[in-house]
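Residues per chain, in single letters:
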Amino acid sequence: MPRSLLTDFELMILLATLRVGDDAYGVQIAREIERISGRKVLLGAAYAALDRLERNELVASTVGNPTAERGGRAKRFFRVTPRGLRAVKETRQALVALWQDLPQLKEKRT
Amino acid sequence: MTPRLRSGQASQPPRLAVALLNRVVPQEEPLTGDLVEEFAAGRSRAWFWRQAIAAVALTAFRRSDEVRPLRLVDGAPARVSSATMVRPRRSVNITGSPIAGVGGLTLAVLVVLMTVVVPQAWWVIAAAALAGVIFGVVLIAIRRTRA
C-alpha cells in the first residue's frame, strides 16, 4: 500500500516536476527546486526520490534518445501520475490543517 | 553558468568519477548523463566529484535497504526433488566482499569516506579485531585443556 503523505523532499520533487512540465528530467527538476526554494539538490538524492516515487506509482518515467552533449547517454523524463497529483493534494491539505490555529505562526497586524 | 569550451582536457568531466559511476551505478545512466550535461554547462570538477560520490553513497545505502528473500529453495516445494537432481549453476563472488550488494570498489569508496569523515572509527575496528583474536586464543586454550 503506497503512502499517501509525502516527505518534504518528495513533495518538492513532485511540485518541481509539475512546474517543469512534460519534458522534466533530473537536471531540470533539481534546477527548478534550487531556483524556487534556494535549496541545493544532489542529483543522486533527486533520482533516489524519483525512483521511490515511481515504485509507489506517483510518477512515471520514459527514457529518451541518447545525445552527444551527454556523452551518448539518454535522458529519463518524468511525469506526475494522477495518483501522484492526489498525493500532493492530500499532503497540502494535511499541512494546511496543521498550520491553522497556531498562535506562534500568526502574523501581527500593524 | 557559462557553457564550457568543447576542446581540451578541461571540457571533459573527471574520467575517474565517470568510471566510478559506470561501475557502481550502471543502472543510473541518465544520472551520469545529467552530470555530464551540467559539467558541460559550466559546473566545476569539484561539483562533479561531490555529486558522483553522493550518488555512489546513496546507491550503496539504498541497496542495503532492499529486502532480499532468502531463497533457500530454488522453486516451488513440489519441484525440489527435480531441482536437486540438476544442479543449478553457482555464481561466484569475485568482488572479494562478504557484504551483499557492496562490491570491491564500493567497499574501497566506503573505506575512504570513513577515513575522511570518522577516522576515529578505525580505533573501534582495530579494538574489535584485537578482541576477536584474544577471544579465539582463549577458546583454543580452553579446548586444549579439556582435551
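Above this text sits the structure in question.
Residues numbered from 1 in each chain as written. Chains lettered and ligands numbered in written order. Predicted model: local features only at pLDDT ≥ 70, side-chain atom pairs only at ≥ 80, totals over all residues. Heavy atoms only, no water.

## Overview of the nonpolar core
Logical step 1: In this structure, A:Leu6, A:Ile13, A:Ile29, B:Leu21 and B:Phe48 are the most contacted members of the largest nonpolar core, which totals 41 residues.
Logical step 2: The biggest single contributor to this core is helix 3 (residues 43-55) of chain A, with six residues.
Logical step 3: The contacts of A:Ile29, once residues within four sequence positions are left out, are A:Ile13, A:Ala16, A:Thr17, A:Ala24, A:Leu50 and A:Phe78. (Core = buried A, V, L, I, M, F, W, Y, C linked by side-chain atoms within 4.5 Å. Buried < 20%, exposed > 50% of the residue type's maximum accessible area, 1.4 Å probe, protein only. Helix = DSSP H or I, 4+ residues; strand = E, 2+ residues; numbered from the N terminus. Contact = heavy atoms within 4.5 Å.)

## What about unusual backbone geometry?
Residues and elements named next belong to chain A.
Logical step 1: Of note in the backbone geometry, Glu57 takes a positive phi value of approximately 60 degrees without being a glycine.
Logical step 2: Among the structural elements, Glu57 can be located in the loop between helix 3 and strand 2 (59-63).
Logical step 3: Its relative accessible area of 48% is what places Glu57 among the partly exposed residues.

## Side note on the pattern of salt bridges
Logical step 1: One pass over the full model with this rule turns up twelve salt bridges over all chains.
Logical step 2: Measuring nitrogen to oxygen at the nearest pair gives 3.4 Å for the salt bridge that ties A:Arg83 to A:Glu57. On the criterion of sequence distance, the pair formed by A:Arg83 in helix 4 (residues 82-99) and A:Glu57 in the loop between helix 3 and strand 2 is long-range, its members being 26 residues apart.
Logical step 3: Overall, A:Arg83 belongs to the partly exposed group, its relative accessible area being 34%.
Logical step 4: It is possible to trace a salt-bridge network through shared partners that takes in A:Arg31, A:Glu34, B:Glu38 and B:Arg43. (Salt bridge = Lys/Arg side-chain N within 4 Å of Asp/Glu carboxyl O.)

## Quick look at the interface of chain A and chain B
Logical step 1: On the side of chain B, 23 residues touch chain A, which itself brings 21 residues to the contact.
Logical step 2: The contact between chain A and chain B buries some 1,700 Å² in all, and 53% of this surface belongs to carbon and sulfur atoms.
Logical step 3: Linking chain A with chain B are four salt bridges, by the criterion used here.
Logical step 4: The partner of B:Arg43 in a salt bridge is A:Glu34, and the shortest N-O contact between them spans 3.8 Å.
Logical step 5: Taken together, the links from chain A to chain B amount to ten residue pairs in polar contact (both at pLDDT 80 or more).
Logical step 6: Among the secondary structure elements, those contributing two or more residues to the side of chain A that touches chain B are helix 2 (26-37) and helix 3 of chain A.
Logical step 7: In terms of residues, the side of chain A that touches chain B owes the most to one element, helix 3 of chain A, which gives six residues. (Buried area = accessible area lost by both parts, 1.4 Å probe. Polar contact = N/O pair within 3.5 Å; in protein donor to acceptor, adjacent residues only side chain to side chain.)

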